[in-house]
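# Results of the structural survey
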Amino acid sequence: MEMSLIGASPVKFSQLGNNNNNNSIPMIICSSSTKSRIGFCQITKCPNVSLRVATRSISISHSQHAASDEASDDNAISKAKDSVKLYVGLPMNSVSDCHSINHSRAISAGLRALKLLGVEGVELPIWWGVAEKEAMGKYQWSGYLTLVDMIQKAGLKLHVTLCFHGCKHENIRLPKWVSEIGESEPDIFFADRSGKRYKDCLSFGVDDLPVFHGKTAMNVYQGFVESFKTSFSSFMGSTITGITIGMGPDGELRYPSHQDQNKNKISLGAGEFQCYDQNMMNNLKKHSENHGNPNWGLSGPHDAPSYNQHPIINTFFKEEGSWETPYGDFFLSWYSTQLVSHADKILSMAASSFSDTPVILSGKLPLIHSWYRTRSHPAEVAAGFCNTVNRYEEIIKVFHKNSCRMILPGMDLLDEQQPNELCSSPEMLLEEIRDGCRRNGVEVCGQNLEIAGSSQSFEQIRKNLVGGNGIEVFVYQRMGAQFFSPENFPLFSAFVRRIKELELDSDDLGGNGRDSVVFVPGKNRKMQAA
């Protein structure tokens, strides 16, 4: 019997996810010649021993709808059919800083799996620190061009995210030449009250300052955008159908208000204001002088909470606290206005650059839902959203002005899953922002915040997509070992079926029987090559 495994070499594939066992590498997909199947496997490296693979499999046949699929949902699903385009994010580090494709065989297998499922396309992060690493204006697109060509040949569409930030988790930094400037000009980075710098994106205070060898941050961003546009012109509108412009930390429009907090640990804190770099402080000082209160521009709020301090007890944000005083109104208005101004500058630049292309432009907002049920909204305010005066509305108008779609994450979150002590409500916040987008004619795209791994989370995503919510694009984040795990991928496959009413036929495999695998059920779920 002839067999082949569609996947990656052990070394490369292990980089796709958080797999701490170096001898156990998750497999992606396999198929039989008689029935379309997705397999979830673990490759075990055994020197001088035949390849052994532990597998689980699910059928992609329409007859195996989950028992929870009810007839009452069918109409909603039918309405959603062809209206929601599903994308999956590629690994964050798909292209190395040496411009090669990381775990290319695994990505190739993943692309095929997604195509078989009927997913519209994929999302690809393109990093400033990779493509313009060594010197300003010296761009290297070869790795990304190769990967985009792979995506095109797989028959998938592509949304590109231009990332003007770094990612510590993936060891992706800002360009080397930017970091070198930062050594002598540290105020190009955000700073908190203690002076700690956030070095994974540039401060809004340098948007219009010529501190990059005579160029402003906006000049530098535009140079990157224009080079990308020229280099990928042959893919525009055919393969590349959408471009997301990075706007701040993690690509989102916000201040890095939680820079000192562990993302994997629940904290009662709302974060800190990030306005203490000299350029932002100069801006605040000038603003206070123009408003006849020069003393208000000497610093940020003296009673603002620290990162992990309870924000509504004896701090700026408590009931009848400083946030409700004339000073508080002055500071919060200035702080959030800087965010709105940054959004307008970068989206206007991007809209102008891509105005003669058929691609759709978008930007991403965070879903900062902690403390949403309080009057002062401290977590949102620290991140730049003065939600006590509906600052979201002003930002939404900026998106409308520049004909940009708004990406909203967190469509997998439920209020009931949040810790009570955080006064959180992701569902209410999501609906508030979406209502504002409806009023202002801004299209919304959806994302999840976490690899779901539960039917409840997938059901929440589905509820946010069907009906009259008007979402045309949903990007599931992100491809990797966890995405293709036995816990998540069967649920994702069922989710795709419910949204797209997808039924695969064995002909879709392009099969002549050569890409086949034998599934051996059982407790050990092992398979040996013949």
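As shown above, the structure is provided for reference.
Here we summarise the structure given alongside this text. (Residues numbered from 1 in each chain as written. Predicted model: local features only at pLDDT ≥ 70, side-chain atom pairs only at ≥ 80, totals over all residues. Heavy atoms only, no water.)

### So, the overall build of the protein chain
Filter applied, for reference: A run of H or I in DSSP counts as a helix once it spans at least four residues, and a run of E counts as a strand once it spans at least two, with each numbered from the N terminus. The buried label applies to any residue whose accessible area, calculated with a 1.4 Å probe on protein chains only, is under 20% of its type's maximum; exposed applies above 50%, and partly exposed to all values in between. Should any heavy atoms of two residues lie within 4.5 Å, those residues are considered in contact. Methods summary: accessible areas were calculated by the Shrake-Rupley approach with a probe of 1.4 Å, and residue burial reflects only the protein chains presented.
When its secondary structure is counted, the protein chain shows 14 helices and 14 strands. Here the protein chain holds 530 residues, and the buried ones make up 55% of them. Expressed as a percentage of contacts within the protein chain between residues at least 6 apart in sequence, the contacts between residues at least 24 apart total 75%. If you sum the accessible surface of the protein chain, you get close to 22,200 Å²; carbon and sulfur atoms cover 46% of it.

### Remarks on unusual backbone geometry
With an omega dihedral of 5 degrees, the bond running from Q477 to R478 counts as a cis peptide bond. The residue R478 is located in the loop between β13 (473–476) and α14 (489–500) in this model. For E320, which is not a glycine, the phi torsion comes out positive at approximately 60 degrees. By the element assignment, E320 lies in the loop between α8 (278–290) and α9 (326–353). Even without being a glycine, S403 presents a positive backbone phi close to 55 degrees. In this structure, S403 sits in the loop between α11 (391–401) and β11 (405–408). We classify S403 as exposed; its relative accessible area is 61%.

### Describing the side chain of T161
Here T161 is to be found in strand β6 (residues 157–163). In contact with T161, not counting residues within four places along its chain, are E123, L124, P125, I126 and T244.

### A look at the sheet that holds β6
As a reminder of what qualifies: When DSSP locates at least two bridges between a pair of strands, those strands are taken to pair. Note on geometry: axes are lines fitted to C-alpha atoms, helical ones only across the stretch in contact, with angles between N-to-C directions running from 0 to 180 degrees.
Strand order in the closed barrel made by the 8 strands is β4-β5-β6-β9-β10-β11-β12-β13, with parallel pairing throughout. Between one strand axis and the next, the sheet turns through 30 degrees on average, direction left out of account. In the sheet, β11 pairs with strand β12 (residues 444–447) via 3 bridges, with the strands oriented parallel. The residue of β12 that forms the bridge with I407 is C445. On the sheet, α14 packs against β4 (85–89) and β13 and is oriented at approximately 160 degrees with respect to β4.

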